[in-house]
Structures are given as C-alpha cells and as structure tokens.
Amino acid sequence: MKDIEKLDKEYVLHTYARNYINFKKGLNATLFDDENRDYVDFTSGIGVTSVGHGNARVAKKIFEQASNLLHTSNLYVIEPQALLAKKIKELSGYDVRTFFANSGAEANEGAIKIARTYGEIKFEKKRYKIITLENSFHGRTITTVKATGQSSFHQSKFAPYPDGFSFNAIDDVYNAIDDETVAVMIELVQGEGGILPFPKDKIQELAKFLKDNNILLIIDEVQTGVYRTGEFLASNLYEIEPDIITLAKGLGGGVPIGAVITKHKDIWGAGDHGSTFGGNYLVTSTGLEVLDILEELKDSGKLDETIIYFTKKLDELYENNRDIFITHVGLGLMRGLRVKDGDTLALLIKTAFECGVMVLKSGNNTLRFLPALTISKFEIDEGFKRLQATLNKIK
Ligand SMILES: *Cc1c(COP(=O)(O)O)cnc(C)c1O
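What comes next concerns the included structure.

Reading the values: the criteria
- Residues numbered from 1 in each chain as written.
- Predicted model: local features only at pLDDT ≥ 70, side-chain atom pairs only at ≥ 80, totals over all residues.
- Heavy atoms only, no water.
- Phe/Tyr/Trp six-rings, centres within 6.5 Å; stacked < 30°, edge-to-face > 60°.
- Helix = DSSP H or I, 4+ residues; strand = E, 2+ residues; numbered from the N terminus.
- Buried < 20%, exposed > 50% of the residue type's maximum accessible area, 1.4 Å probe, protein only.
- Core = buried A, V, L, I, M, F, W, Y, C linked by side-chain atoms within 4.5 Å.
- Domains from an automatic or database assignment.
- Near = heavy atom within 4 Å.
- Polar contact = N/O pair within 3.5 Å; in protein donor to acceptor, adjacent residues only side chain to side chain.
- Pairing = 2+ DSSP bridges.
- Axes fitted to C-alpha atoms, helices over the stretch in contact; angles between N-to-C directions.
- Contact = heavy atoms within 4.5 Å.

Points about the packing of aromatic side chains
- This model, assessed by the stated rule, comprises 13 aromatic pairs.
- Geometrically, the ring pair formed by Phe23 and Tyr39 is edge-to-face, given 5.4 Å between the ring centres and 85° between the ring planes. Of this pair, Phe23 sits in strand S1 (residues 23-27) while Tyr39 sits in strand S3 (residues 38-41); the two residues are 16 residues apart in sequence, bridging distant segments of the chain.
- For Tyr39, a relative accessible area of 1% gives the class buried.
- Measuring from ring centre to ring centre gives 4.8 Å for Tyr174 and Phe209, while their planes differ by 70°; the resulting arrangement is edge-to-face.

Set out below in structure tokens:
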C-alpha cells in the first residue's frame, strides 16, 4: 500500500471508494500524478473546474484577493458579492436577486426555504410540499437527500427525514399536485441520474401549468448551469422563466460556492436566512473572474466550436464501438454514452484511467463526460485516442 493510501485510510472517514492516484498538478484539462504521468481529464472534478486546472487568471485573482481580504462576514457589504449577483442577473437575462451559499446542497436548501416561505405568505392554508422527479439528485444534507428522487438514497440509518417531499415521473407530476403543494423542483438534464435531458416541449408545458396554478418552479442547475449546456443556464436553452434557480459546481472554478437565484426579490428580510462563509471575498471575486473568462469564451464563439468538436469526436467513438455503446445522450459539454451493461462500464472507467484518460459514471450504465469548458482541441483528440485504446483493450 502506498503511504498516501495508508494516511488517508487511517485519518479520513471512509465515505468514498477512492482511487489512490496522487495528483500533483493540473494544466487546463490535463492532470499530472506524483510520477509525472499525465491524464486527460474529461471530468473537471465533476463539473467544477469549468475554466480548467491551474488557470492563470483565476490564480492571479485569488492571490490578489487573498493578499487584501478573504472574509469579513455578511454583516458588512461585500463588493465582489454584489458585483457577482449583478453579473448573474445580466447573464441569466432574468430579473432576479441572488443569495450565496457554499455548495449545491446548501443552495437547494435555500431554494426549499424560499418555496416554503412563499407557501406561508401567499396562501391562506400553508403550502409546503415539494415534488421532485425520479432519478433526480439534489444533494447530501438530510433535506436534499430526501428531495433526491432515488429511494436508494433514503437510507433508514439517517431517518427520520423532513416531511413534504415526494418524487414522480415527469408525466405524473400533474396528478401528484395537491392543495399543499408549493413547488416542483427539477433538473433539466439529470446529471447523476444518467445524463437525461428532458424534451423542451415537455418542460415548457410543465412550466406553463405550474405558473397557471401558482406553483413555483425550482430548477436545480447545480450541474447544468454556468455554460455547461452551451448557454449560461440550461433554463435559457429551454426558454423558461423559473421562480428559483440554484447554481454551484462550475461557478467558482474550484472554490466552493453555491447560489440561489430568484425572481421573488423581496421574499426575505434581515434574519430570514444566512451563511457564515457564503459569498465571501474569496469565492465571489473568483466567481467573477470565472464568469468573465467564460463570457469571453462564449462571445468569441470558441465555446460553441469546442462543443461541436467534442460532439464530433464523441459521435465517432460511439459509431466505432456500437458493440459497447447503446446511445449517445446529453447537451453541450454534459454528455453521456450509454454502455450495454454496468460491469462493462466499470471495467471501461478503470481501464481508461490506466490508459491516461479520466471519465465518470452516471446512473447505472452511463459513461459521463464533463470536461472543462476551456478544454483544447489537442486535449480532446488525445482523450478520445486514449478512450479508443481503452476500448480496444477491453474487447
Ligand atoms: C452535485 C449536485 C448537487 C449537490 O451539490 P454539492 O455541492 O455536492 O452539495 C445538487 N444538485 C445537482 C443537480 C448536482 O449535480
């Protein structure tokens, strides 16, 4: 056993089936281990390092900010926080305000609290129930685990869970609504559930129905947000106007940040919600730099070029290996290939690592790709070359 493995196993709680490669450095979508082996990274830390590893602009921003102020608390105004909230409003195209949290789950907790506040103040009889979708994923806190639409997550050892959550197939949401329902919370492309994009017409129909019935629509964009699908928000792509949107993963480029965005701009007053770290100088100045970089990438046409090129290479891999892959799914740089069975997928991911390319699993049988949005053509070529070598090896 390597020393690092011993150290980790001795002192860190065992909640992950860890790989013990010891990464030392990253450069855009390439990682280097302690033996200086390189890996093409098609995972970006599960959709987090949106502007790549070792990004010089982000590093400079963090150094400058850390040299001045990291944190003062939310008792005092935080200039980069206000600027980031303004930027999010502008890029989203919605008339919204933002609350900053530290993670996706915490952002979703905020969304749930906004919905329940709405249910209290807008109706004679309080509404509090929230409907989510089967195969969804909303986080690991006790409430967001319960909101997650997969029974396997609702382990009895964590019980009891908060009331008011149920999950359904999208077509059954209509019937599940009762006079205590306040909101429906969904992902537009299910990330952990198997890279499942919902059809646009279905989402628009649901959005209209909810609006007509005064039920809030919460879109969990923790994975789909921040240009992952090609637009700033997947909600932009689906042309809907959600009541609440949550962001996290890609927003900080690697620093922990979450955001709850809502058009119900005056729903809360002082003391209604809070967070010690949320939106501090470090994370919001970094978030601003990340959004500047990504906005430039989008406006220059480079992001769209990258998506087209990545899609072409992914299609080639799919066409050349139809004995392994069933379908090609996803949007933008959130893609998946369904593999014929789970065992083959596990072997594929393990062998890919040995061949120097990192990929993710999603659902039971989906090979998932979430590369940095800044990934280069060379890295894409190299990654797919290594994946084909992987497939040749396991066949
Ligand atoms: C990752 C994810 C979360 C949880 O985010 P954390 O930062 O791990 O709390 C919530 N919702 C979706 C859609 C996610 O992909």
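Let's talk about the nonpolar core
- Of all hydrophobic cores here, the largest spans 80 residues; its most connected members are Phe42, Phe325, Phe369 and Leu387.
- No fewer than three residues from each of domain 1 (71-299) and domain 2 (301-333) sit in this core.
- Ranked by size, the runner-up nonpolar core spans 18 residues in total, among them Ala115, Ile130, Ala147 and Met185.

Quick word on the site of the ligand
- What surrounds the ligand is the set Ser103, Gly104, Ala105, Asn108, Phe137, His138, Gly139, Glu187, Asp220, Val222, Gln223 and Lys249.
- The backbone of Phe137 places a nitrogen or oxygen atom 3.2 Å from a nitrogen atom of the ligand.
- Between Asp220 and the ligand, the recorded distance is 2.7 Å, taken from a side-chain N or O atom to a nitrogen atom.
- When residues in the shell around the ligand are grouped by element, the largest group, three residues, is from helix H5 (residues 104-121).

Some remarks on the sheet that holds strand S13 (residues 325-331)
- Strand order across the open sheet formed by four strands is S13-S14-S17-S16, with antiparallel pairing between neighbours. Where the open sheet ends on each side, the last strands, each with one partner, are S13 and strand S16 (360-362). On average, adjacent strands in this sheet sit at an angle of 30° to one another, irrespective of strand direction.
- Sheet topology note: the strand S14 (residues 334-339)/strand S17 (residues 366-369) ladder contains four bridges and is antiparallel. Bridge pairing links Arg338 to Thr366 in S17.
- Sitting on the sheet, helix H12 (residues 342-354) is in contact with S13, S14, S16 and S17, with an inclination near 35° to S17.

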